[in-house]
Amino acid sequence: MNTNETQSLCGLKRSDFQTTVNGKNTDLYILKNSAGNEVAITNYGGALVAIMVPDKDGNIANVVQGHDNIQDVINSPEPYLSTLIGRFGNRIKEGKFQLNGKQYQLAINNGPNALHGGPTGFHAQVWDAFQMSDNTLVLNYTSPYLEEGFTGEVKTTVVYNFSDDNELIIGYMATTNKKTIINLTNHAFFSLAGIANPTPTIDDLECEINADFYLPIDDTCIPTGEILKVEGTPFDFRTAKPVGRDINADNEQIRNGNGYDHCFVLNKKEEGELSFGARIKDPKSGRTMEFYTTEPGVQVYSDNWADGYKGQHGATFPRRSAICFEAQHFPDSPNRPYFPSVVLRPGQQYKQKTIYKFGVEK
């Protein structure tokens, strides 16, 4: 890795990301591609702290929300800010699920429910990091038996690769020694306009989502179990429209999510295929992002709870200044047998691939 701190576009310093947490060292890793763009990642929670890409005039800015030092990452008002999520992304009702006829109880950390693997989930762990090349980082973490209440010891590998086509490719693999549940994702908070003080709202962001159906939720954000058509609802993004057009609609689902905080059922020809999930465009900067995944769903979150807290280099993150596309299996799947299975058994390998491709459109 280049130890010369002055040569990164993001202006982040490795020394600001170096500390020891539970006996493990944290650091900053910078991926560069031949186009001259970069992605900065810390092995604390696998957090993306910068994605530096150009706008239509060639101006480079950071399009992912992050912090500029390790203490702010650890103590962020948004604990899942652009981090890896595990063992179970999204919510499990009342933190309860059954496996092998036994009931498991997880920590309750989101109203009455369990969220994102618990308070000390994958987002709050120091991963073992190995930078293989200028554009590839490998992260490994072994989650011990009963960590956060989950059964089995789970070994996880996440590979971040930043291609010459400005694709951030995230590959996930995991194995277990006992039957367990797993649902990994990345919780990147994207701000295509570029982070700023204040970071602009996502209201004008043009968004297309390749989903004919979505999962309605109750007032605690747990799926009701229905799978409904997006047609005729604020959730119809089959044709691109501004995110803000229906975000405050007089609609029970919008009220339950305080905006968008819903899982969309991605259109797939076959299970597990890598296919187009969504596309966003910032009309002012011309920046675009396309999203592809092997996962059956994507949680679209419109950053409804941010309050203007402080981020990197003096940037602030007001309400709805970011959008998240969290590729995943459906929320509360362990309690919905007809949702795609999240069970992982010994001898099996959990695999997932998600791509965020950045571009510009004049």
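Residues numbered from 1 in each chain as written. Predicted model: local features only at pLDDT ≥ 70, side-chain atom pairs only at ≥ 80, totals over all residues. Heavy atoms only, no water.

1. Side note on the sheet that holds strand β3 (residues 28-32)
Then comes step 1: Ordered in space as β3-β4-β5-β6, the 4 strands form an open sheet in which the pairing is antiparallel. One side of each edge strand has no neighbouring strand; the edge strands of this open sheet are β3 and β6 (60-62). Sheet twist, expressed as the average angle between the axes of neighbouring strands with direction ignored, equals 15 degrees.
Then comes step 2: Two strands pair when backbone bridges link them, and strand β5 (residues 48-54) and β6 are joined in this way by 3 bridges, in the antiparallel orientation. Within β6, the position partnered with M52 by the bridge is N62. (Pairing = 2+ DSSP bridges. Helix = DSSP H or I, 4+ residues; strand = E, 2+ residues; numbered from the N terminus. Axes fitted to C-alpha atoms, helices over the stretch in contact; angles between N-to-C directions.)

2. Concerning the nonpolar core
What tends to happen in soluble globular proteins is that the nonpolar side chains get buried as a cluster.
Then comes step 1: I51, Y160, F264, F325 and F358 are the most contacted members of the largest nonpolar core, which has 56 residues in total.
Then comes step 2: Excluding its chain neighbours within four sequence positions, the residues that come into contact with F264 are I209, A211, F213, Y214, V230, F235, F237, P296, G297, V298 and V300.
Then comes step 3: Among the nonpolar cores identified, the runner-up in size contains 15 residues, and C10, L12, F17 and V73 belong to it. (Core = buried A, V, L, I, M, F, W, Y, C linked by side-chain atoms within 4.5 Å. Buried < 20%, exposed > 50% of the residue type's maximum accessible area, 1.4 Å probe, protein only. Contact = heavy atoms within 4.5 Å.)

3. Quick notes on the pairing of strand β30 (residues 350-360)
Side chains on a regular strand alternate between the two faces of the sheet.
Then comes step 1: Where strand β15 (residues 167-176) lies against β30, 8 bridges are found, and the strand directions are antiparallel. Across the sheet, the residue bridging to I169 is I355, located in β30.
Then comes step 2: Across 7 bridges, the pairing between strand β24 (residues 287-293) and β30 is antiparallel. Along β30, the bridge assignment pairs T293 with T354.

4. With respect to the packing of aromatic side chains
Then comes step 1: A complete count under the given rule lists 19 aromatic pairs for this structure.
Then comes step 2: Relative to Y104, the ring of F97 has its centre 5.3 Å away and its plane inclined at 15 degrees; by these criteria the two rings are stacked.
Then comes step 3: A relative accessible area of 1% means that F97 is categorised as buried.
Then comes step 4: Classification of Y104 by relative accessible area gives buried; the value is 9%.
Then comes step 5: Seen from their ring centres, F330 and F339 are 5.2 Å apart, and the 85 degrees between their planes marks the pair as edge-to-face.
Then comes step 6: Clustering of aromatic rings is evident, with ring pairs tying together F190, F291, F325, Y356 and F358.
Then comes step 7: A cation over an aromatic ring shows up here: K178 above the ring of Y145, its NZ or CZ 5.1 Å from the ring centre. (Phe/Tyr/Trp six-rings, centres within 6.5 Å; stacked < 30°, edge-to-face > 60°. Lys NZ or Arg CZ within 6 Å of the ring centre and 35° of its normal.)

5. A closer look at the sheet that holds strand β20 (residues 228-229)
Then comes step 1: Across the sheet, 5 strands lie side by side as β20-β19-β22-β25-β28; this open sheet has antiparallel pairing. Single-partner strands in this sheet number two, and they are β20 and β28 (324-328).
Then comes step 2: Note that strand β19 (residues 211-215) and β20 share 2 bridges and pair antiparallel. Pairing of Y214 across the sheet is with L228, part of β20.

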